[in-house]
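Chain and residue survey
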Amino acid sequence: MSEVKIAAETRSEFGKGAARRIRRENKVPGVLYGHGSDPLHLTLPGHELLMALRTPNVLIALDIDGKTNELAIPKSVQRDPLKGFLEHVDLQLVQRGETVSVEIFVHTEGELAPGGNLLEHVLNALPVEAEATHIPESVTVSVEGLEAGASVLAKDITLPSGTKLAVDGDTVVLQVLAAQAEEASAEGEGDEAAEA
């Protein structure tokens, strides 16, 4: 996983008014916390942060006021529900070699068995533990030929080296559902018409 370097500034103004002023300058208010230290309130460049957050579980190298360098991962991102711009970000302080708990996206490949079956993602993201500088972005699972009633458990998924499950191995991640028969409901309607 690559690091994204972002210059951040400490901030001393708080509240809605201060946050609005920060956002008008195309910046994002944020908080850096972790390792038992006091939360550090930051102002981050909006565009650079938005681009960095396109990578899931991105590792951010923060240059704080040109004095301190810290590594962090995003823990909570708040966006405007209508316009989608960043409103606030919480960052968790991490260190090289430290194990962190994150969620990685589950992607699928392959075709289900014929018959119009449906694939349900019970978990869109899989909770895992990984070294802070080697967090995988996602994991890919083959669903080739799976039939109705089949499921993929967390323990069945091959994880990248150095990554461990942070959920019970018997947790269902994906399951194949049988297609709903529309013919049965159409026949039922025909019977009701005949009775009338």
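Summary of the structure given here. Every value quoted in this text rests on a predicted model; they were computed, and no experiment measured them.

**Some thoughts on the overall build of the chain**
Counting secondary structure elements, the chain contains three helices and 13 strands. Taken over the C-alpha trace, the chain has a radius of gyration of 23 Å; the compact-globule value for 196 residues is 16 Å, which it surpasses by more than 25%. C-alpha extents for the chain along the principal axes are approximately 80 × 45 × 25 Å. Counting over 196 residues, the chain shows a buried share of 34%. Across the chain, every contact between residues at least 6 apart in sequence was considered, and the portion connecting residues at least 24 apart equals 64%. As presented, the chain carries roughly 11700 Å² of accessible surface, and 47% of it is formed by carbon and sulfur atoms. Counting 16 positive and 32 negative side-chain charges, the chain places the averaged centre of each group 19 Å from the other.

**Regarding the pairing of strand E2 (residues 27–34)**
For E2, a buried count of six out of eight residues is recorded, marking the element as mostly surrounded by other parts of the structure. As paired strands, E2 and strand E3 (residues 37–45) are joined by seven bridges and run antiparallel to one another. Counted as the bridge partner of Val31 is His41 from E3. With antiparallel pairing between neighbouring strands as the criterion, E2 and E3 make up a hairpin whose turn holds two residues, including His35 at a positive phi of roughly 55°. Of the strand pairs in this sheet, E2 and strand E6 (residues 86–94) are connected by four bridges, and their pairing is parallel. Bridge pairing in E6 places Gly30 opposite Val89.

**Details of the sheet that holds strand E7 (residues 99–109)**
Ordered by their spatial adjacency, four strands build an open sheet running E10-E7-E9-E12, and the pairing between neighbours is mixed. Because the sheet does not close on itself, it has two edges, and the strands there are strand E10 (138–142) and strand E12 (164–165). Pairing of E7 with strand E9 (residues 125–131) involves seven bridges; the strand directions are antiparallel. Bridge pairing links Thr99 to Glu131 in E9.

**Some thoughts on the nonpolar core**
Counting residues in each nonpolar core, the largest one holds 22 residues, and the members touching the most others are Ile73, Val94, Val100, Val102, Leu126, Ile157 and Val173. When residues of this core are traced back to their parent elements, those giving at least two are strand E4 (59–64), strand E5 (68–79), E7, E9, E10 and strand E13 (172–177). With four residues, E7 is the largest single contributor of residues to this core. With near-sequence residues (within four places) excluded, Val94 lies in contact with His35, Leu59, Leu71, Ala72, Ile73, Val100 and Ala132.

**Topic: helix H1 (residues 16–24)**
Here H1 has its buried residues at Ala18, Ala19 and Ile22. Axial view of H1: buried residues confined to an arc of 100°, hence all on one face. Exposed and oriented more than 90 degrees from the buried face of H1 are Lys16 and Arg24. On the buried face of H1, the contacting elements are E2 and E3.

**Examining the sheet that holds strand E8 (residues 118–121)**
Strand order in the open sheet formed by three strands is E8-E13-E11, and the pairing between neighbours is antiparallel. With one partner strand each, in any of the chains shown, E8 and strand E11 (151–153) form the two edges of the open sheet. Averaged over all adjacent pairs, the angle separating strand axes in this sheet is 15°, with direction ignored. Both E8 and E13 contribute to a ladder of four bridges, which runs antiparallel.

Criteria and thresholds
Residues numbered from 1 in each chain as written. Predicted model: local features only at pLDDT ≥ 70, side-chain atom pairs only at ≥ 80, totals over all residues. Heavy atoms only, no water. Helix = DSSP H or I, 4+ residues; strand = E, 2+ residues; numbered from the N terminus. Rg over C-alpha atoms; globule rule 2.2 N^0.38 Å. Buried < 20%, exposed > 50% of the residue type's maximum accessible area, 1.4 Å probe, protein only. Contact = heavy atoms within 4.5 Å. Areas by Shrake-Rupley, 256 points an atom, 1.4 Å probe, with all protein chains shown as cover. Lys, Arg positive; Asp, Glu negative; His and termini not counted. Charge placed at Lys NZ, Arg CZ, Asp CG, Glu CD. Pairing = 2+ DSSP bridges. Core = buried A, V, L, I, M, F, W, Y, C linked by side-chain atoms within 4.5 Å. Arc of directions from axis to C-beta. Axes fitted to C-alpha atoms, helices over the stretch in contact; angles between N-to-C directions.

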